[in-house]
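Below are the chains, spelled out letter by letter.
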Amino acid sequence: MPAIHDFPALQQALAPLRRRLVAHPIYTCLHDLDSVRVFMTHHVFAVWDFMSLLKALQRQLTCVEPVWRPRGDAVARRLINEIVLGEESDDDRPDGYISHFELYRRAMDEAGADGAAIAVVLARVEAGESVFAALAAAPPPARRFCNETFTLVADGSLPALAAAFTIGREDVIPDMFTALVADLHRQQPGGLPTLVDYLDRHIHLDGERHGPMAVRMLTSVCGTDAARWEQARAGAAAALSARLAFWDGIQAALPPLTARAASR
C-alpha cells in the first residue's frame, strides 16, 4: 500500500470501506415501528460511546487540568470544544438545553423503544464497574461495537483517535443519516419527530461545520508524518469496519419479516 501523506490520500485508501457503509441495507430496513425500536435499542450505544471518543480527544487536544495553560492547535481546540458544547448542552426548545444522548433517549421514549439495556450499562458504570464489564448488559452487536471504541480510547494513538472520530463519525454520519431520514420519512410519514430531529441536527452540523473542522484537526495532528498518517489509516479503517459489523448485527436482530424484505 502506498504511503499516505495527507487527507485526500487517506480518503482514497478508505473509499471502498466508506462506500460499503453508506450503501448498507440497514437504511432501508426500517419498515415498521417494531424495526425502528430494535434499531434504536442498539444505536443508542453509538450515541453514548461517541461522547467518550470526543472526550478522549478533548483530553489530548485541549487543557482540562485545574491549572490551565495553552495546548495544541487552536483549530483543534475550537472544534473539540464546539462539539462538546453541542453534544452536551444543545438548544432544547423553547428555552432549555439538552445533551444529544438525552435527546436520543427522549426519542426512544417517544417511539416506545426499550431503554433498559443502556440504563443498566450506565448504572453499572456509575457504580464503579469498568466499562468493559458493564457492557456485558448490552445487546451483543452494541457490546462489540462499544468494545472497539473503548479499546481505542484506552490504548489508541492520537492520530488513530482523531481519524476514527473524523472518518468513522463526523465525515460519514451525514451520508448515513440522510439515507436513514429519507427512509423514515417514507416509512413513518409525520411520525417519530424527535428521532428525525436528532438525525437532522447531525446531518447539518456534521456536514456543514464539524466535518470540515475535523478534517483540519486530523491534518494538524498528522502533519506530513507518514507514520502518523498510517496510524490514522488503521484507526479509521477499524472504526468503519466496526460500524459495518454493527449495522450487520442490528439488521440480523430486526423482526424476521423486515429483515427478509430488506434482503430482496
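Q: Explain the nonpolar core here, please?
A: Most often, soluble globular proteins have nonpolar side chains that are buried together. Counting residues in hydrophobic clusters, the biggest one holds 91 residues, and the most contacted among them are Met40, Phe45, Trp48 and Met217. If you tally residues by element for this core, the top one is helix H2 (residues 33–61), at 15 residues.

Q: What am I meant to see in the environment of Met40 here?
A: Note that Met40 resides in helix H2. The buried category is assigned to Met40, whose relative accessible area is 0%. Put simply, Met40 and Ala133 are 93 residues apart on the chain and 22 Å apart in space, counted from C-alpha to C-alpha. Aside from chain neighbours lying at most four places away, what touches Met40 is Tyr104, Ala107, Met108, Ala111, Ala113 and Leu195.

Q: How do you make sense of empty space enclosed by the protein when you look at a structure like this?
A: To find leftover empty space, a probe the size of one water molecule is rolled over the atoms. Considering all chains together, one arrives at two cavities of 30 Å³ or more under this definition. Of the voids in this model, the largest cavity is the one considered here, and its volume is about 100 Å³. Lining the largest cavity, in full, are His43, Ala46, Val47, Phe50, Glu87, Arg169, Ile173, Phe177, Tyr198, His202 and Arg243. Those elements giving two or more residues to the lining of the largest cavity turn out to be H2, helix H9 (173–187) and helix H10 (193–222). Sort the elements by how many residues they give to the lining of the largest cavity and H2 lands first, with four residues. Each residue belonging to the lining of the largest cavity can be placed in one class, and the counts come to six nonpolar, two polar and three charged. Each pocket or cavity is described by its volume, and for the second largest cavity that value is around 30 Å³. Residue lining of the second largest cavity: Ile83, Gly86, Glu87, His100, His202, Leu205, Asp206 and His210, and that is the complete set. The set of elements that each furnish at least two residues to the lining of the second largest cavity consists of helix H3 (74–89) and H10. Of the residues forming the lining of the second largest cavity, the biggest block, four residues, is contributed by H10. For the lining of the second largest cavity, the class distribution of residues is two nonpolar, four polar and two charged.

Q: Looking at this structure, how should I read H3?
A: Helical periodicity: at 3.6 residues per turn, an α-helix aligns residues three or four positions apart in one direction. For H3, built from 16 residues, the straight-helix expectation of 22 Å at 1.5 Å per residue is met to within 8% by its first-to-last C-alpha distance of 22 Å. When we look at burial in H3, the residues that qualify are Ala76, Leu79, Ile80, Glu82, Ile83, Val84, Gly86 and Glu87. Structurally, H3 contributes buried residues whose contacts are with H2, strand E1 (90–92), strand E2 (96–98), helix H4 (100–111), helix H8 (158–170) and H10. The N-cap residue of H3 is Asp73: its side-chain oxygen and the backbone nitrogen of Val75 are 3.0 Å apart.

Q: How should I be thinking about the side chain of Arg201 in this particular structure?
A: Along the chain, Arg201 turns up in helix H10. Side chain to side chain, Arg201 and Asp90 meet in a polar contact 2.9 Å long. Leave out the neighbours within four places in its chain, and Arg201 touches Asp90, Asp91, Arg93, His100 and Leu103.

Q: Help me understand the environment of Met176 in this model?
A: Tracing the backbone shows Met176 in helix H9. Residue Met176 is classed as buried on the basis of its relative accessible area of 0%. Counting along the chain gives 23 residues from Met176 to Leu199, while the straight-line C-alpha distance between them is 9.7 Å. Not counting residues up to four positions away in its chain, the partners in contact with Met176 are Leu21, Tyr27, Arg243 and Trp247.

Q: Before we go on, may I ask you to explain the pattern of salt bridges in this structure?
A: Between side chains of opposite charge, pairing is possible as soon as their charged atoms come close. Under the definition given, this model contains eleven salt bridges. For Arg169, the salt bridge is made with Asp49, and the minimal N-O distance between the two is 3.1 Å. Placement of Arg169 in helix H8 and of Asp49 in helix H2 is noted, with a sequence separation of 120 residues between them. Here Arg169 and Asp49 have matching classes, each one buried. Its salt-bridge partner being Arg106, residue Asp92 comes within 3.0 Å of it at the nearest N-O pair. Within this pair, whereas Asp92 is found in strand E1, its partner Arg106 is found in helix H4, the two being separated by 14 residues in sequence. Judged by its relative accessible area of 14%, Asp92 falls in the buried class. Residue classification places Arg106 among the partly exposed residues on the basis of a relative accessible area of 37%. By sharing partners, the salt bridges in this structure join Arg18, Asp171 and Asp175 into a single network.

The rules behind each value
- Residues numbered from 1 in each chain as written.
- Predicted model: local features only at pLDDT ≥ 70, side-chain atom pairs only at ≥ 80, totals over all residues.
- Heavy atoms only, no water.
- Core = buried A, V, L, I, M, F, W, Y, C linked by side-chain atoms within 4.5 Å.
- Buried < 20%, exposed > 50% of the residue type's maximum accessible area, 1.4 Å probe, protein only.
- Helix = DSSP H or I, 4+ residues; strand = E, 2+ residues; numbered from the N terminus.
- Contact = heavy atoms within 4.5 Å.
- 1 Å grid on protein atoms, 1.4 Å probe; cavity = no way out; pocket = protein on both sides within 12 Å on 5 of 7 lines; lining within 4 Å.
- Points joined across faces, edges and corners; volume = space filled by probe spheres on them.
- Nonpolar A, V, L, I, M, F, W, Y, C, P; charged D, E, K, R; others polar.
- Expected span 1.5 Å × (residues − 1).
- Polar contact = N/O pair within 3.5 Å; in protein donor to acceptor, adjacent residues only side chain to side chain.
- Salt bridge = Lys/Arg side-chain N within 4 Å of Asp/Glu carboxyl O.

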